[in-house]
Structure formats: C-alpha cells, structure tokens
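# Descriptive analysis of the structure
Below, each chain spelled out in residue letters.
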Amino acid sequence: GRTTAMLWFLVLSIHLAAAEIPGVCNVKTMDTKHRFVINRETLTWRNESYQVPVEREQCCEGYTRDTSSRYLSCEPVCDPPCVNAVCEEPDTCVCFPDHQLVNYSNSTCYDVCEACVNSECVDDNVDCVCENGYERDQTFLHICNAKCSPPCSNGVCKAPNQCDCLEGFSLDPHLHGCVPNCTEGCVFGSCTAPNTCTCFDGYINDMSSPSVCLPVCHQTCENGFC
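As named in an unreviewed UniProt entry, the protein is EGF-like domain-containing protein, taken from Graphocephala atropunctata.

Shown next, in the form of structure tokens:
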C-alpha cells in the first residue's frame, strides 16, 4: 500500500511538472560546472571548469514574476495598466462585468450605466440609448450630444435645437444658425467673419475704413469721382 501510494505521488508530480504553466517558458542555456582532474605525470590535482546544456524555467516575454509566490509564478504585464479590467494576457485587458472598453483604448473600461450621459442604460446594462433630441457621440459611444436641426453653424448645440453662438457671432432666427457680427456694418459688402467685410464684385476695401467698400473704375474719372 505504501509503495503504491508513493508511485502514484511520483506519477502525479511528473504530470504536474510537465503541465504547461501560463507565462512560464523553458529556456535552454549553458551552465558552468567545476571538477577536479588529476595530472597522471605529476600526480597533482587541478580545478577544471566545463559547460553542460541545461533547461531553466523563467517568465516568458510579456510576463513578470509574482514575488509573493514561493514557486515560479508569472503574471501578464499590461502597459498601460488596466483600469476597471483584468490583465488576462500581455497587453490584453478584459473588462469587469457590465463594463466596456473606452473607444480608442485597449486598457481603460467604464461602467456603462454610470457613464451614460443624456441617455438611459438598457439591455441588461450593456448599452446607452439616447434621450429624445440627442444623438450618440461618434467617439464616445456612452455619451449623447444635443441635436440641432439644421446643424448649428458657427456655434455649439447646447440643448436640442438650441445654439450657443461663438464669440463674434449672433443667432439668426431665420437661418437657425449663427452669423458673424460687423459692429460698424458693411457698406457695399457682406460680413463674412467677425468684423470682416468682403466687398461685392467691382468694389475694394477702403484702407482708411475697413467697413466701407469703394467702387473700382477701370478708366480714370475726369472731372468726377467713381
């Protein structure tokens, strides 16, 4: 009985040793050993070094040793570190339940329900559905932005169909957008940017007054002005 138990223990130990351990690699290398060799002529001993091939276990590339373990145990390395996720393989993060990877990131996960902006978490906490008047952001899928129809030109759509104009622009209710302001007006021209007049065809800007456009006469006006 005792002999049989020892044999089973030996077989089990061999199987465990042969089993593949995640992140552990066998590396072939040369080991230096020493031995004493006798000189038969002088009958003296000398210390001789020689090398023998050996296999050693070490952490594979992309893994690091777990120093808290008594035995060789290797853990995957994720760079950058995983956020709200577990590093399952080198540079491979697996999100916690009910979490998803942030767009353009392979390491940071977010809680879908907590992260929903202007939207409602549905489908067992795996998706954000936009509220009325909002549409999904193309970069961050858990964020819904206000929608303005037609689009809010020269401004920011802060709420459904509500434009906040950029500096130098004011809301034109007829165009449903923001138009540039020229504080001194535009004479014979149109205001194309804040305090910038673009002259009509046949006119040029008056250098002394940028808000005024003067007519151009290709022939000299005699006894008169253009």
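After that view of the structure, there is still more to cover.
## Considering the overall build of the protein
When its secondary structure is counted, the protein shows 2 helices and 20 strands. Every one of the 226 residues in the protein was classed for burial, and the buried ones make up 18%. Within the protein, contacts between residues at least 6 apart in sequence are counted, and of these 24% link residues at least 24 apart.

## So, the nonpolar core
The biggest cluster of nonpolar side chains holds 6 residues, and these are V102, Y110, V112, A115, C116 and C128. With residues up to four places along the chain from it excluded, the contact list for A115 reads Y110 and H142. One finds C152, C163, F169 and C178 within the second-largest nonpolar core, a separate group that totals 5 residues.

## Remarks on the pattern of salt bridges
With the rule as written, the count across this model stands at 3 salt bridges. Linking D31 and R56 is a salt bridge whose minimum nitrogen-to-oxygen distance equals 3.3 Å. A residue pair is termed long-range when its members are at least 10 positions apart, and D31 in strand β1 (residues 24–39) and R56 in strand β2 (residues 44–59) qualify at 25 residues. Note on R56: relative accessible area 40%, which makes it partly exposed. Linking R35 and E48 is a salt bridge whose minimum nitrogen-to-oxygen distance equals 2.9 Å. Taken together, the positions of R35 in strand β1 and E48 in strand β2 put the pair 13 residues apart, joining distant regions of the chain. Overlapping salt bridges, with partners in common, bring together R35, R46 and E48 in one network.

## Digging into the packing of aromatic side chains
Inspection of every chain in the model, using the stated rule, returns 1 aromatic pair. Where F188 meets Y203, the ring centres are 4.9 Å apart and the plane angle is 15°; that geometry is what we call stacked. On the criterion of sequence distance, the pair formed by F188 in the loop between β16 (177–180) and β17 (189–193) and Y203 in strand β19 (residues 203–206) is long-range, its members being 15 residues apart. The partly exposed category is assigned to Y203, whose relative accessible area is 27%. In this structure, R35 is placed above the aromatic ring of Y50, and the distance from its NZ or CZ to the ring centre is 4.2 Å.

## Considerations on the state of the cysteines
Working definition: the covalent bond between the sulfur atoms of two cysteines is a disulfide. Applying the stated criterion across every chain yields a total of 13 disulfides. Residue pairing for C116: its cysteine sulfur links by disulfide to C128, the two sulfurs lying 1.9 Å apart. Between C116 and C128, the S-S dihedral sits near -80°, and the bridge is therefore left-handed. Note that C116 is positioned in the loop between α2 (112–115) and β9 (119–122) and C128 in strand β10 (residues 127–130), a separation of 12 residues in sequence. For the pair formed by C116 and C128, the shared burial category is buried.

## Quick notes on the UniProt feature "domain: EGF-like" (unreviewed entry) in the protein
Mapped onto the present numbering, the UniProt feature "domain: EGF-like" (unreviewed entry) falls on residues 73–110, 112–145, 147–179 and 181–214. A distance of 21 Å separates the end C-alpha atoms of residues 181–214, which is 0% helix and 56% strand.

## Points about the side chain of D137
Along the chain, D137 falls in the loop between β11 (134–136) and β12 (144–146). Despite its burial, D137 pairs with no opposite charge; the closest candidate is R136, at 9.3 Å N-O. Among the polar contacts listed, one links the side chain of D137 to the side chain of N145, at a separation of 2.7 Å. Every residue in contact with D137, bar those within four places of it in the chain, is listed here: I143, C144 and N145.

## Topic: the confidence of the model for the protein
Per-residue confidence for the protein gives a mean pLDDT of 83; residues scoring 70 or more make up 88%. Under a pLDDT of 50 for its full length, residues 7–19 has, in the predicted model, 0 contacts with residues more than four places off or in other chains.

## So, the pairing of strand β14 (residues 162–165)
Both strand β13 (residues 155–159) and β14 contribute to a ladder of 4 bridges, which runs antiparallel. Bridge pairing in β14 places A159 opposite Q162.

Parameters at a glance
- Residues numbered from 1 in each chain as written.
- Predicted model: local features only at pLDDT ≥ 70, side-chain atom pairs only at ≥ 80, totals over all residues.
- Heavy atoms only, no water.
- Helix = DSSP H or I, 4+ residues; strand = E, 2+ residues; numbered from the N terminus.
- Buried < 20%, exposed > 50% of the residue type's maximum accessible area, 1.4 Å probe, protein only.
- Contact = heavy atoms within 4.5 Å.
- Core = buried A, V, L, I, M, F, W, Y, C linked by side-chain atoms within 4.5 Å.
- Salt bridge = Lys/Arg side-chain N within 4 Å of Asp/Glu carboxyl O.
- Phe/Tyr/Trp six-rings, centres within 6.5 Å; stacked < 30°, edge-to-face > 60°.
- Lys NZ or Arg CZ within 6 Å of the ring centre and 35° of its normal.
- Disulfide = S-S within 2.5 Å.
- UniProt positions renumbered as here; feature names shortened; annotations may be inferred.
- Lys, Arg positive; Asp, Glu negative; His and termini not counted.
- Polar contact = N/O pair within 3.5 Å; in protein donor to acceptor, adjacent residues only side chain to side chain.
- pLDDT = per-residue confidence, 0-100.
- Pairing = 2+ DSSP bridges.

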